[in-house]
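# Secondary and tertiary structure notes
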2 protein chains.
Amino acid sequence: MRMFTIFERAFRVFHDNPSLSKLMVVCTVSGGGLLAFAETRPFSGSDSVPKKKVVVLGTGWAGTSFLKNLKSSTFEVQVVSPRNYFAFTPLLPSVTCGTVEARSIVEPIRNIVRKKGINIEFKEAECYKIDTDNNKVYCRSSQDTNLGGKEEFSVDYDYLVIAMGARSNTFNTPGVVENCHFLKVKKRNYFHSDPISNLKKIFSAQNNKTVIQEVEDAQKIRRTVIDCFERANLPNLSEEERKRILHFVVVGGGPTGVEFAAELHDFVLEDLAKLYPNVKDLAKITLLEAGDHILNMFDKRITAFAEEKFQRDGIHLKTGSMVIKVDDKHISTKERSTGEVSDIPYGMVVWSTGIGTRPVIMDFMKQIGQTNRRALATDEWLRVEGRNNIYALGDCATINQRKVMEDISVIFSKADKNNSGTLNLKDFQEVIDDICERYPQVGLYLKKRQMRNIADLLKSSQAEKQGTELDIALFTSALSEVDSQMKNLPATAQVAAQQGQYLANCFNHMEECGRNPEGPLRFRGTGRHRFRPFRYKHLGQFAPLGGEQAAAQLPGDWVSIGKSTQWLWYSVYASKQVSWRTRALVVSDWGRRFIFGRDSSRI
Amino acid sequence: MRMFTIFERAFRVFHDNPSLSKLMVVCTVSGGGLLAFAETRPFSGSDSVPKKKVVVLGTGWAGTSFLKNLKSSTFEVQVVSPRNYFAFTPLLPSVTCGTVEARSIVEPIRNIVRKKGINIEFKEAECYKIDTDNNKVYCRSSQDTNLGGKEEFSVDYDYLVIAMGARSNTFNTPGVVENCHFLKVKKRNYFHSDPISNLKKIFSAQNNKTVIQEVEDAQKIRRTVIDCFERANLPNLSEEERKRILHFVVVGGGPTGVEFAAELHDFVLEDLAKLYPNVKDLAKITLLEAGDHILNMFDKRITAFAEEKFQRDGIHLKTGSMVIKVDDKHISTKERSTGEVSDIPYGMVVWSTGIGTRPVIMDFMKQIGQTNRRALATDEWLRVEGRNNIYALGDCATINQRKVMEDISVIFSKADKNNSGTLNLKDFQEVIDDICERYPQVGLYLKKRQMRNIADLLKSSQAEKQGTELDIALFTSALSEVDSQMKNLPATAQVAAQQGQYLANCFNHMEECGRNPEGPLRFRGTGRHRFRPFRYKHLGQFAPLGGEQAAAQLPGDWVSIGKSTQWLWYSVYASKQVSWRTRALVVSDWGRRFIFGRDSSRI
């Protein structure tokens, strides 16, 4: 069958309707973005050197961002993922209530890579084993249709990029898998208070079957909300029973849980109340949070505003209570302060707290000796520790930032070029930039102490002694507190996307930087690092609160709350869409919701 | 929770953004249709007379059309259906390939009835038993979630409107239920040639589990098409196997099967070929039809055009072959002419032929003594035969038109007022209109013989005898052939919608027409019929053929084929949408498809 480009397709229609052509000209000129869809001929590399094989596992934020930014045609890329599309996960809470359609936030990965003109192949399959000895990944087709069992195959790699994301974590709470709906969480937001018992629970939960099927989960939540309303409308039910069915419980007071509760409240208030007048007054939403406040990763002003708004809206907030069990009709909670246990009847529970490690990542971690960790540890260049050709990014990985204190003696000796045993400021000036680049915690510490640069920090130590030179002891004491500034990055889309982009840039400049390393000085080795280490740039975070209001915490701790922030949210989320198609669909979905409300058909 | 109208909702946004108001004014003025969404206060009837209870089973074309047209507030209406929405089924073939989204063709039934201001309640449940002795229907909630089993309840009725549609019929062909996808067919288009063996097969198939879940089925087909392409892209498969997986077989050459084959061809050609360049040449579409031609209910010119177009497009057409078995990888067909059996390997089979009777309708038919029929028989007023308060319409019913020959003697005696044993034209003139209204086949016969009116028919008989009066024998012989013009109505959306509208009008004028009957003379009784009998007005039928071409057969056997017909199709289908919301969505889906192509994300 022959392939039609968009131009041929257009031609087929306009050929017989010349008057439409004018309209098309106007549309095309005003919508410059259409140009993005002009086709590019696939690039057929004719290098004689065999191309390096890159295998990318996963098509979430990290994997897709890597693929989108990869420009070098010196690689042969294979992408393996059970989802043949990229999903714009921050809009999932909107999908649960039909504010945005599921179809509007997904883009086929083949479509994303097709226009790049480089050699990228996609396989719809799940990787179930990584074999580092033979540089192979083993995969299984994700289809369980009647087409004849699941296909298995293996793929060789020279470089492996692991971006498989995380899965929901139920902390082995009984009944959660069976009775709850799952909504992708944005942040590692552990529900239980004790981190060590958490860790144990996460590990013992490794055989847990919960797999994040984000988009399908969101669609299921939408259907269940309608189901509850339909069910509550049936005759022969007691008032008690109707109330139970219309009690929606959200577990987890992070941004996702809060946004879902707010969306659901709007859905009930603006749309369902009109269609289900008999039962609308029975509907109730409860948000459960183990901590003392919701949105605890945000500024206190935002938390306070959100809590007040929820109270005004009639969303019941229950903080300081942990979920200990879920059966088919009740969710049992325990008050952290009093230890009091209560059974809450519910119609639907949405579990939106805790992310865990996928089994294949667990296996891989065991294989490479990374036990007792909650995610794959990488160095600052996103390389899995001890493996030079394996990279891990996004929610499945965590960067193990090297501590200054571990390297203090080598840092000192690098700076002390003449081996005098003391440093003066001039010696030091030469390595300052490299230290700051290699150990970003130094920069954070300076910022916190409101110092201009590392020289100020050393001077403040020197000042005490009135000397002009530093010995190793003084140097160590000056830097002794900088490691306290080290923080794990949150498991957000933003981090994953930046990591994907960073890694793609490394791959794009791999040869060039091999010849002229651009990274900082190697303190424990010789020469320089090939690349600059990954540095996360926090661009701010939103928390939509419903009723056309949102809160945002922007860089520099700038806080913005209210209706204008919701408009900012609309424009940021529209601009961040992965393609013009999803952008157009998401914006038209918002318009549709505004004009016609949300659809409550149970499909 | 308080209810927001659209005005309040708009106010919340525009309050803080006065500049948007101007835009809104422009939009509102140009889109007068928005007015349709202005809210009407629910009418609270304060009659002292207890309202008659009307129960409507089903929310398809017939049921929804009835509800939309019902205006009288003297009824208390309960609607019971497992689907809480109305689906615009003629667009289902478009949904299978993503040309139109499923969400765009559905409208919640509560939304449709809410604005009417009459007392209509909806229950999401399936009727499983009709008890005519006690005027009750027994229903079961359609939810099988973890909410605690299925709820059962009964509803009393004074009038029952059965509009439950039909289900797919596999004619007990082995393996069809297990291995095929189903697409709602538009017409009773029996696949096997022998009508009597068909009837037996339909009856023996009554325990068959196939239930039409039209929208879900269409979505499943869409996912399976993508699945096949993803699967064919996996490594380690033989060329043979890839070809099998990408062989799409459509069973049934009616308008639905043809439209699906055409849509699929466009989807592969315009969208999938670009995304799956490695396997695009292996994809093949085969259309199986038992008759000698596809679209056999259409004019021969349309059939010829469609067959030629399919040949040009490379859609393989296999006519004259019956399906005898389907296993998980092969579909077995038997040539009608030669008896030759062949096994065709396939990746997906879509079954789009034959509609059967739902089990609950079967039971009901047994209960009222209607055995050996393929659908509920009603009289010309859509009343189930022998039951004055039960109506059946749409695909689950068939009108049993009274034959002239059965009533010839009573017709004669009604006309012969002076009991002279002969009729002259003057006697006859008085009852001509009533005869034509009561027995529409008379009108059809006259039209076929190109006579102006029934008097011409009688005159042509008289002419032979040179007499001026007719006795019963002459009268009988003059009308002896008119019953040959009786035809069953096709099981189309058009018929169902007109029946729903007709019945609603009867209900709207029930009291009024009780006092002043508007129907024709009762020939077998006294007085007049309360209502005019239902008369179907055929408005034409479309057959989209893909590649922006369609065929249409319009009233008066006017045939139109080509690109302009496709535009006619677009405008007719847009105008027939049940709400402004679905209209806007369907039109924007067409636009989206044109600009961005169809989405191939597997969700």
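For the structure, check the block above.
In this report, we go over the structure that sits alongside the text. None of these values were measured; they are calculated from a predicted model.

Summed over the entire model, instances satisfying the criterion amount to 63 salt bridges over all chains. Of the charged contacts, one joins D313 of chain A and K309 of chain A as a salt bridge, the two residues approaching to 2.5 Å between their closest N and O atoms. Residue D313 of chain A and its partner K309 of chain A are both found in helix α11 (residues 300-313); the two are separated by four residues, about one turn of the helix. Residue classification places D313 of chain A among the partly exposed positions, given a relative accessible area of 22%. Exposure remark for K309 of chain A: the relative accessible area of 4% places this residue in the buried category. Between E548 of chain B and R593 of chain B there is a salt bridge; the shortest N-O distance is 2.5 Å. Residue E548 of chain B is located in the loop between β24 (541-546) and β25 (549-554), and its partner R593 of chain B is located in helix α21 (residues 580-596); the two are separated by 45 residues in the primary sequence. For the pair shown, E548 of chain B and R593 of chain B are each scored as buried.

So, on to the packing of helix α13 (residues 408-415) of chain B against helix α14 (residues 425-438) of chain B. To characterise two packed helices, one gives the angle between the axes of the helices and the distance between these axes. Residues and elements named next belong to chain B. Between α13 and α14, the least distance of the axes is 8 Å, while the angle of their chain directions is 135 degrees. Between α13 and α14, the crossing angle belongs to the class labelled oblique. Taking contact as the criterion, the partners of I411, K414 and A415 in α13 are, on α14, D427, F428, V431 and I435. When the residues that make up the contact of α13 with α14 are grouped by side-chain class, the tally is five nonpolar, no polar and two charged.

Residues and elements named next belong to chain A. Taken in spatial order, the three strands line up as β14-β15-β16 in an open sheet, and their pairing is antiparallel. The open sheet is flanked by β14 (321-326) and β16 (341-345), the only strands paired with a single partner. Here the average twist between neighbouring strands, direction ignored, is 30 degrees.

Our focus in this paragraph is the sheet that holds strand β26 (residues 558-562) of chain B. All names here are of chain B. Read across the sheet, three strands follow the order β24-β25-β26 without closing on themselves; strand pairing throughout is antiparallel. Looking at strand neighbours, the two that pair on one side only are β24 and β26, the edges of this open sheet. Put simply, the sheet's adjacent strands are angled 10 degrees from each other on average, direction ignored. With five bridges connecting them, β24 and β25 associate as antiparallel partners. Bridge pairing in β25 places Q541 opposite Q553.

How each quantity is defined
Residues numbered from 1 in each chain as written. Chains lettered and ligands numbered in written order. Predicted model: local features only at pLDDT ≥ 70, side-chain atom pairs only at ≥ 80, totals over all residues. Heavy atoms only, no water. Salt bridge = Lys/Arg side-chain N within 4 Å of Asp/Glu carboxyl O. Helix = DSSP H or I, 4+ residues; strand = E, 2+ residues; numbered from the N terminus. Buried < 20%, exposed > 50% of the residue type's maximum accessible area, 1.4 Å probe, protein only. Axes fitted to C-alpha atoms, helices over the stretch in contact; angles between N-to-C directions. Parallel < 35°, antiparallel > 145°, perpendicular 65-115°, else oblique. Contact = heavy atoms within 4.5 Å. Nonpolar A, V, L, I, M, F, W, Y, C, P; charged D, E, K, R; others polar. Pairing = 2+ DSSP bridges.

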